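Geometric and topological summary
Here's the letter readout for the chains.
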Amino acid sequence: MSRPIASSSSIEREQLRPAAAAAKAREPMNVLIVGVGGQGVIMVSKALAWLAQSKGFEVKQSEVHGMAKRGGTVFSHVRFGPQVWSPTIPKGEADILVALEWAEGLRWLPFLKPDTGIFICDTKRIVPPFACLNRRPGAPLRYSRETPAEVKAHVAEGYAIDATRMAEELGNERAANVVLIGALSTALDFSAADWEQALAEFVPKKTIAVNLQAFRRGRAWIEEARTAPPDTQTPPAGTPAPAHLPYSVRLEITPEWCKSCDICVKLCPERCLRLNQERIVELAQPEKCTGCRLCELLCPDFAIRVHLDAVANNDATAQGAKA
């Protein structure tokens, strides 16, 4: 009996299978890092690009910050693999989306691969001044209202981590981006030692110790979250309430950092700030403060931080204002 003769189409398919597999193996890893100016988005992307390049991968990096030095949008594309042609990640092709700010993370979700993408996001909410159009103190904010649970239900793998709180507990809030690097490290095939070497290249030398602690804490948090049963997982401490709930405003002023420039006092929309006898800024009329954050965004010395604490209802807000 003669052997069956394969059709030209079947022969072509057999030839294409190993070629397609090889092409897939050459596909670059796409990591998108987003956030707000001043959070350290560029440092995260540069550390990742340096590490990938040190391991022999071809790396392309693209970043946009421009006028976003303080408070505006910052994003960086990092692509690495055996061969990389374009520096930018197409929509729907990001393997990992790392967000240093909650609303920015949600805004970039369409770039994440729908079936396999990993979403890692700090729950920190940097509410822009235009979110406080209602001048009444404690009024609901014009800001993203999605909760971590609602977002995680729409991604293949998602983690909402209170990286800012973790960094604050270590004594350096600015290490929040390194906490997220620790979380990111669990999704890539680089050793922890390699990551720590990369961090030592990019963080200030005086902060290497605290940044290594932040990295290890973020890495451990993700590993625990992956192994914890779904019914025992709890929202991270400090996760802000949805923006439609009323809030109370709390200003944290560091007197040692205030240089008496008077910028915050003059540009406060509610005229609720003043310089005291030592020419240090203070909140003179807390009942007028809307939490617009202009003082925080404009302070050249980072001496002011604005906290928006959720309250149970409007009555609680009113009682807090009277107190």
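In this report, we go over the structure that sits alongside the text.

1. Topic: helix α8 (residues 208-227)
Since the α-helix turns once every 3.6 residues, residues separated by three or four places project in the same direction. With 20 residues, α8 extends 29 Å between its outermost C-alpha atoms, agreeing within 8% with the 28 Å of an ideal straight helix rising 1.5 Å per residue. For α8, every residue scored as buried is listed here: Val210, Asn211, Leu212, Ala214, Phe215, Gly218, Arg219, Ile222 and Ala225. Contacts made by the buried residues of α8 are with β6 (157-161), α6 (176-185) and α7 (192-202).

2. Quick look at the sheet that holds strand β4 (residues 96-99)
Read across the sheet, six strands follow the order β2-β3-β1-β4-β5-β6 without closing on themselves; strand pairing throughout is mixed. The sheet is open, and its two borders are formed by β2 (58-64) and β6, each paired with just one other strand. Sheet twist, expressed as the average angle between the axes of neighbouring strands with direction ignored, equals 10 degrees. Relative to strand β5 (residues 118-122), β4 is paired through four bridges, and the arrangement is parallel. Within β5, the position partnered with Ile96 by the bridge is Ile118. Each of β1 (29-36), β4, β5 and β6 is contacted by α6, which is oriented at about 160 degrees to β5, the strand it contacts most.

3. Thoughts on the pairing of strand β3 (residues 73-81)
With eight of its nine residues buried, β3 lies for the most part within the structure. One ladder, built from eight bridges, connects β1 with β3; its direction is antiparallel. Residue pairing in the sheet places Gly35 in a bridge with Val74 of β3. Inspection of the sheet shows β2 paired to β3 by seven bridges, in the antiparallel sense. The residue bridging Val59 from the neighbouring strand is Phe80, located in β3.

Cut-off values and rules
Residues numbered from 1 in each chain as written. Predicted model: local features only at pLDDT ≥ 70, side-chain atom pairs only at ≥ 80, totals over all residues. Heavy atoms only, no water. Helix = DSSP H or I, 4+ residues; strand = E, 2+ residues; numbered from the N terminus. Expected span 1.5 Å × (residues − 1). Buried < 20%, exposed > 50% of the residue type's maximum accessible area, 1.4 Å probe, protein only. Contact = heavy atoms within 4.5 Å. Pairing = 2+ DSSP bridges. Axes fitted to C-alpha atoms, helices over the stretch in contact; angles between N-to-C directions.

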